[in-house]
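What follows is the residue order along each chain.
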Amino acid sequence: MTKPASNLQIDSSRLWDTIHTTAQFGATPKGGVRRLTLGPEDKQVRDWFRTACEKAGLEVQIDGLGNMFALRKGRDMSKPPIGLGSHLDTQPTGGKFDGVLGTLAALEVIRTLNDAGIETELPLCVTNWTNEEGSRYAPAMMGSAAFVGDFTVDDILGREDAAGISVAQALDDIGYRGDKPVGAQKFSGFIELHIEQGPILEAEGKTIGVVEHGQGVLWYDGKITGFESHAGSTPMKHRRDALATLSEIVLAIETIATELGNAVGTVGEAVIAAPSRNVIPGEVTFTIDTRSADAGILDQLDQRIRAAAAGIAAKRKVEVALDLVWRKEPTHFDTTLVGAVENAANALGYQNRRITSGAGHDACNLNTRLPAAMIFVPCKDGVSHNELEDATQSDCAAGANVLLHTVLSLAGVAK
Ligand SMILES: [Zn+2]
């Protein structure tokens, strides 16, 4: 790295300004953002982003699922670019930073290189992935998942939102179904900056999280079949109560995840089939979300949760069915790129630690096909997917500086 490049810093107020400018697209009264993927506000932010990229001299291409790729040429165009970016869509009651920070920091990196007149050896590609959030269309991280071939493009185009509008229709409505074949963009590596969405960095007073792993996931749909009967006249020992059964299962999952360590487990949905104050619940459906960064612990979670559910069911004389609907293996980010992130954070003098991502990210999908890594910065109280989501200007700038220097170390400085 040449001298001027090693001293380079992004423009903190310009980055902060772009974050707040784009937060107007879908701004909510409580200070958050509602920008559902492929909706009118997503079109607004995409148009803004495309214009900003073009003004920065980038060539913008859009693929058949609306993923956006903005290319900055390098001296050596025989090699694929280093990718950098995240997503611009939000949850229905989302914040200003989740996804947005990584995409706009990538733009800020380009603007900084332009201002300094720095050409990189490898080209760079600023990226905005379609539908990371998954709230309007399932699955989450849709654009990057199809990009790496986990789903076919036709499958994704046919997915419908709650109003019956397909992804294909939504893309056409906002003019973002591009010609670039999905998956055609090549990358030498990909770096995503994101807020942590958890409390660890803030609690430990660290500015940068060097993301080493991403958690694997097990999702189950569960159904408990007991027997409905009168709440007044059925003695306790004669009951086959589906909700009481679920209660024991919920506590068992809490115990199992705690005992295993490096694991979390949640029952986030539970529905009594025909709820009534004076009827013992006869049927309950529910979901389980459990995660670990260790594939062996995922296996143990599966065995122990199934065994606990079967034991509780036998004791209570009810039936419990558990259907595993999704297994995603843990992510182990590319060690060279993780090292590059760590070196950049150290060189810039930021307090940092290695960390595991609790949430899924586009970079986790990409890492299955190409070298990828992530940079985390703290968010206030660890809160995300909430209008109160917050991060400081200096932490955002620190993350963008680490992104800049990681990218420079990977792409190399020409001349
Ligand atoms: Zn995100």
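The structure displayed is predicted, hence computed values, not measured ones. (Residues numbered from 1 in each chain as written. Predicted model: local features only at pLDDT ≥ 70, side-chain atom pairs only at ≥ 80, totals over all residues. Heavy atoms only, no water.)

Would you mind going over the coordination of the zinc ion with me for this structure?
Six octahedral donors at a metal ideally form angles of 90 or 180 degrees, and four tetrahedral donors ideally form angles of 109.5 degrees. Distances from the zinc ion to its protein donors, namely His 87 (NE2), Asp 98 (OD) and His 194 (NE2), fall within the range 1.9 to 2.2 Å. All donors to the zinc ion come from one chain, and their sequence spacing reads H-x10-D-x95-H. One end of the pair, Asp 98, is in the loop between β3 (82-86) and α4 (100-116); the other, His 194, is in strand β5 (residues 189-195), with 96 residues separating them in the sequence. Per residue, the accessibility class of Asp 98 equals that of His 194, and both read buried. (Donors = N, O, S within 2.8 Å, 3.2 Å for Na, K, Ca; no water. Helix = DSSP H or I, 4+ residues; strand = E, 2+ residues; numbered from the N terminus. Buried < 20%, exposed > 50% of the residue type's maximum accessible area, 1.4 Å probe, protein only.)

Looking at this model, I keep getting lost on the UniProt feature "binding site: Zn(2+) 2" (unreviewed entry) in the chain. Mind explaining?
Listed under "binding site: Zn(2+) 2" (unreviewed entry) in the UniProt record, and renumbered for this structure, are Asp 98, Glu 133 and His 385. Maximum C-alpha separation among the annotated residues is 9.5 Å over a sequence range of 288 residues, consistent with a single clustered spot. The class for Glu 133 is buried, based on a relative accessible area of 8%. Among all residues touching Glu 133, those that are not within four sequence positions of it are His 87, Asp 89, Thr 90, Gln 91, Asp 98, Ala 140 and His 385. Mapped onto the fold, His 385 is located in the loop between β16 (372-377) and α13 (393-411). A distance of 3.2 Å separates polar atoms of two side chains, one belonging to His 385 and the other to Glu 133. (UniProt positions renumbered as here; feature names shortened; annotations may be inferred. Contact = heavy atoms within 4.5 Å. Polar contact = N/O pair within 3.5 Å; in protein donor to acceptor, adjacent residues only side chain to side chain.)

Before we go on, may I ask you to explain the UniProt feature "binding site: Zn(2+) 1" (unreviewed entry) in the chain in this structure?
Per the UniProt record, the feature "binding site: Zn(2+) 1" (unreviewed entry) sits at His 87, Asp 98 and His 194. A maximum C-alpha distance of 9.6 Å among these annotated residues, which run over 108 residues, shows that they cluster at one spot. When near neighbours in sequence (up to four residues on either side) are disregarded, Asp 98 contacts His 87, Asp 89, Glu 133, His 194, Ile 195, Gln 197, Ser 384, His 385 and Glu 389. A polar atom in the side chain of Asp 98 sits 2.8 Å from the side chain of His 194. The exposure class of His 194 is buried, given its relative accessible area of 1%.

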